[in-house]
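Spelled out, the chains give:
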Amino acid sequence: MVARFHALTKPQVVSAMPRNILLMTATIAPLPGIPLLARTDPKLRLQDYQAALAFYVRLLGNCFDAIIFAENSNSDVSPLAAAITANSYAAKVEFVSFYGLDYPPAYGRGYGEFRLVDYAIENSKLLSVDDVIWKVTGRYIVENIKSLVQSRPAAADLYCNMRNYPDRLCDLYLMAWTRSGYESAIKGIYPKLRNDVIPNRLTIEEFSFRNLIDPLLGTMNVVPRFKVAPVVHGVRGWNNTPYSRPWSFKIMARQLAHKLLPSLWI
């Protein structure tokens, strides 16, 4: 069964400036047995999504032009819609909910999330070809996301954050792409992000994504480092611990590296 709540149903007029659309990915009731996932309680996850959506809705009109909330466990998203009805921009939020967890848990979270991305882009009623999509893992609040949006290089088809230390990977909780970037780098990538892609070995989707994008650096406009270090608030899914706060050593070190040592990808 597919359930959709579309606040915007009229065709969108393409403007001279590309719109910034936030795509929040969500799984309220995850598959049992997903590797490296400790935050599995649907009630807690729903609370996480409610808090994040309330934060991002406040940025409509001065950061984002619309929000797509995409959920892939076919859970009831009406509480999320009801919670934002008082906001004057609530009509610019589109909810897409369907069941997209019909795969073995061993495939992992990256497989499910980017499969959801494809579904959301294919089924959204509000997207236009000129939009810039900002994909965020829907439980996380990126507190300085407005600065990230404002500092995105205009020519970037894929804007992401790669790191070399302590591990060589690409952060997947936040990235942005144009239609061209999506078609070249994101669309249909999810089977290659499976955690079991190598027999008898657990692979991590952030590592796999980095390996897939690196060869594209010379063939398309990939900007592999954010101009601003993200400040993330929320609870990590893999170990149920709070994400770093603005004053944490890790965040401060990354902010200093961005300014003083931009070649140090940490």
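See the structure above.
Within each chain, residues carry numbers counting from 1 in the order of the written sequence. Only residues with pLDDT of at least 70 get local features here, since the model is predicted, and only at 80 or more are side-chain atom pairs given and counted; chain-wide, interface and lining totals rely on the full set of residues. In computing side-chain properties, one takes all heavy atoms of the structure into account and sets aside hydrogens as well as water.

**Things to note about the environment of Tyr 173**
Consideration 1: For Tyr 173, the position within the fold is in the loop between strand E9 (169–170) and strand E10 (174–177).
Consideration 2: Beyond its immediate stretch of four places on either side in the chain, Tyr 173 contacts Lys 135, Val 136, Thr 137, Tyr 140, Pro 230, Val 232 and Tyr 243. Note on conventions: DSSP H or I runs of at least 4 residues are helices, E runs of at least 2 residues are strands, and numbering of each starts at the N terminus. Any two residues having at least one pair of non-hydrogen atoms within 4.5 Å are treated as being in contact.

**Description of the layout of surface pockets**
Consideration 1: With a 1 Å grid spanning the protein atoms alone, the term cavity applies to any set of points in which a 1.4 Å probe fits but cannot get out, the term pocket to an open set with protein on both sides within 12 Å along at least five of seven lines, and the term lining residue to any residue with an atom within 4 Å of a point. Grid points are joined across faces, edges and corners, and a volume is the space filled by probe spheres set on the points. The volume enclosed by the largest pocket comes to roughly 980 Å³.
Consideration 2: Around the largest pocket, the lining is made up of 41 residues, and of these Arg 109, Tyr 140, Glu 205, Glu 206 and Trp 238 lie nearest the centre.
Consideration 3: Contributions of two or more residues to the lining of the largest pocket are made by strand E2 (20–26), helix H1 (42–57), helix H3 (109–123), helix H6 (205–213) and helix H7 (249–260).
Consideration 4: For this scheme, ten residues count as nonpolar: Ala, Val, Leu, Ile, Met, Phe, Trp, Tyr, Cys and Pro. Four count as charged, namely Asp, Glu, Lys and Arg, and the remainder, Gly too, count as polar. Looking at the lining of the largest pocket residue by residue, the class counts come to 20 nonpolar, 9 polar and 12 charged.
Consideration 5: Its volume calculated, the second largest pocket comes out at about 250 Å³.

**A word on the pattern of salt bridges**
A side chain with one charge may pair with a side chain of the opposite charge, provided their charged atoms come close.
Consideration 1: We define a salt bridge as a contact between a side-chain nitrogen of Lys or Arg and a carboxyl oxygen of Asp or Glu at a distance within 4 Å. Enumeration according to the criterion identifies 11 salt bridges in this entry.
Consideration 2: The closest approach of N and O atoms between Asp 196 and Arg 194, which form a salt bridge, is 2.8 Å.
Consideration 3: Residues joined in a network through salt bridges with shared partners are Arg 39, Asp 48 and Arg 139.

**Looking at a nonpolar patch on the surface**
Consideration 1: In this scheme, patches are assembled from residues that exceed 30% relative accessible area and form no salt bridge. Like charges are connected within 9 Å, while nonpolar side chains (Val, Leu, Ile, Met, Phe, Trp, Tyr) are connected within 5 Å. Per-residue and other accessible areas were derived by the Shrake-Rupley procedure at a 1.4 Å probe size, with only the shown protein chains allowed to occlude residues. Residues Leu 36, Leu 202 and Trp 238 make up a contiguous nonpolar surface patch of about 310 Å² in total accessible area.
Consideration 2: Position of Trp 238 among the secondary structure elements: in the loop between strand E12 (232–233) and H7.

**Examining the pairing of E2**
Consideration 1: Within E2, 7 of the 7 residues are buried, which leaves it mostly tucked inside the rest of the structure.
Consideration 2: Burial classification: accessible surface area is computed with a 1.4 Å probe over protein chains only, and a residue below 20% of its type maximum counts as buried, one above 50% as exposed, and the rest as partly exposed. Judged by which residues are buried, E2 turns out to be covered on both faces: Asn 20, Leu 22, Met 24 and Ala 26 on one side and Ile 21, Leu 23 and Thr 25 on the other are all buried.
Consideration 3: Pairing between strands requires that DSSP locate at least two bridges from one strand to the other. Bridge count between E2 and strand E5 (residues 132–137): 6 bridges; the pairing is parallel. Note on E5: the bridge partner recorded for Ile 21 is Ile 133.

**So, the nonpolar core**
Consideration 1: Buried Ala, Val, Leu, Ile, Met, Phe, Trp, Tyr and Cys residues that are joined via side-chain atoms within 4.5 Å together make up what is termed a nonpolar core. In this structure, Tyr 56 and Trp 134 are the most contacted members of the largest nonpolar core, which totals 41 residues.
Consideration 2: Of all the secondary structure elements, the ones that give two or more residues to this core are E2, H1, strand E3 (66–71), strand E4 (93–97), E5, strand E6 (141–142), helix H4 (145–151) and E10.
Consideration 3: No other element matches the 7 residues that H1 contributes to this core.
Consideration 4: Judged by nonpolar contacts, the second largest core, of 34 residues, contains Tyr 119, Leu 127, Leu 216 and Trp 265.

**Comments concerning H1**
Consideration 1: Each residue after the first adds 1.5 Å to the expected span of a helix. Along its 16 residues, H1 runs 22 Å from first to last C-alpha, staying within 8% of the 22 Å computed at 1.5 Å per residue.
Consideration 2: Those residues of H1 not exposed but buried are Arg 45, Leu 46, Asp 48, Tyr 49, Ala 52, Leu 53, Phe 55, Tyr 56 and Val 57.
Consideration 3: At the N-terminal end of H1, a side-chain oxygen is found 2.9 Å from the backbone nitrogen of Lys 43, two or three residues along, and the residue is Asp 41. N or O atoms closer than or at 3.5 Å make up a polar contact, with two conditions inside protein: a donor-capable atom paired with an acceptor-capable one, and, for residues adjacent in sequence, both atoms drawn from side chains.

Don't take any of this as a statement about function, it's just geometry.
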